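Okay, here's what each chain looks like letter by letter:
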Amino acid sequence: ASRFPIVTTGEYVTRQVLSDHPELMVVAFRFAVAGAIGALHNHEHVQSTYVESGRFRFTLGETEQEFGPGDSFVIPSGQRHGCVCLVPGKLIDNFTPRRDDFL
């Protein structure tokens, strides 16, 4: 079990840090219902996202793309991004450097 708490980040969305190091952080985002939103945002960190389960429509800069179980992609530093959950599930995000704002 993770030593980090489960934090509510939006309606039907939670976040839990799974592991961290100054140069890397692994975080699980759980979406409980279709229609739950990961709000559009951007940050200095490079992010990789792995879809463990569910289905999501991501906005990545100027494009939209759907991802399902087993899909993975990288979001460059500064790129505006967000998602809408199509089928409830879980995303595993990695950030470099770590997201100190999540600690």
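Our subject is the structure listed above.
Analysis parameters
- Residues numbered from 1 in each chain as written.
- Predicted model: local features only at pLDDT ≥ 70, side-chain atom pairs only at ≥ 80, totals over all residues.
- Heavy atoms only, no water.
- Helix = DSSP H or I, 4+ residues; strand = E, 2+ residues; numbered from the N terminus.
- Rg over C-alpha atoms; globule rule 2.2 N^0.38 Å.
- Contact = heavy atoms within 4.5 Å.
- Areas by Shrake-Rupley, 256 points an atom, 1.4 Å probe, with all protein chains shown as cover.
- Lys, Arg positive; Asp, Glu negative; His and termini not counted.
- Charge placed at Lys NZ, Arg CZ, Asp CG, Glu CD.
- Pairing = 2+ DSSP bridges.
- Disulfide = S-S within 2.5 Å.

Caption draft 1: Representation of the overall build of the protein in the model. Assigned secondary structure in the protein consists of 0 helices and 8 strands. Ordering the α and β elements of the protein from the N terminus gives β-β-β-β-β-β-β-β. For the protein, the C-alpha radius of gyration of 13 Å lies close to 13 Å, the compact-globule estimate for 103 residues. Its C-alpha atoms give the protein principal-axis dimensions of about 30 × 30 × 25 Å. When contacts within the protein are restricted to residue pairs at least 6 apart in sequence, those whose partners lie at least 24 apart make up 62%. Roughly 5,700 Å² of accessible area belongs to the protein as shown, and the carbon and sulfur atoms make up 53% of that amount. The centroid of the 9 positive side-chain charges in the protein is displaced by 5 Å from the centroid of its 12 negative side-chain charges.

Caption draft 2: Here's a closer look at the pairing of strand β5 (residues 46-60). Pairing analysis gives 13 bridges linking β5 to strand β8 (residues 81-96), with the strands arranged antiparallel. Bridge pairing in β8 places T49 opposite D93. Note: β5 against strand β7 (residues 72-75), 4 bridges, orientation antiparallel. Bridging across to β7, Y50 finds its partner in S72. The pairing of β5 with strand β6 (residues 63-67) spans 5 bridges and is antiparallel. Bridge pairing links F56 to F67 in β6. Between the end of β5 and the start of β6, which pair antiparallel, lie 2 residues, with G61 showing a positive phi angle near 65 degrees.

Caption draft 3: Broad picture of the state of the cysteines. One pass over the full model with this rule turns up 0 disulfides. Not part of a disulfide, C83 finds its nearest cysteine sulfur in C85, a span of 7.4 Å.

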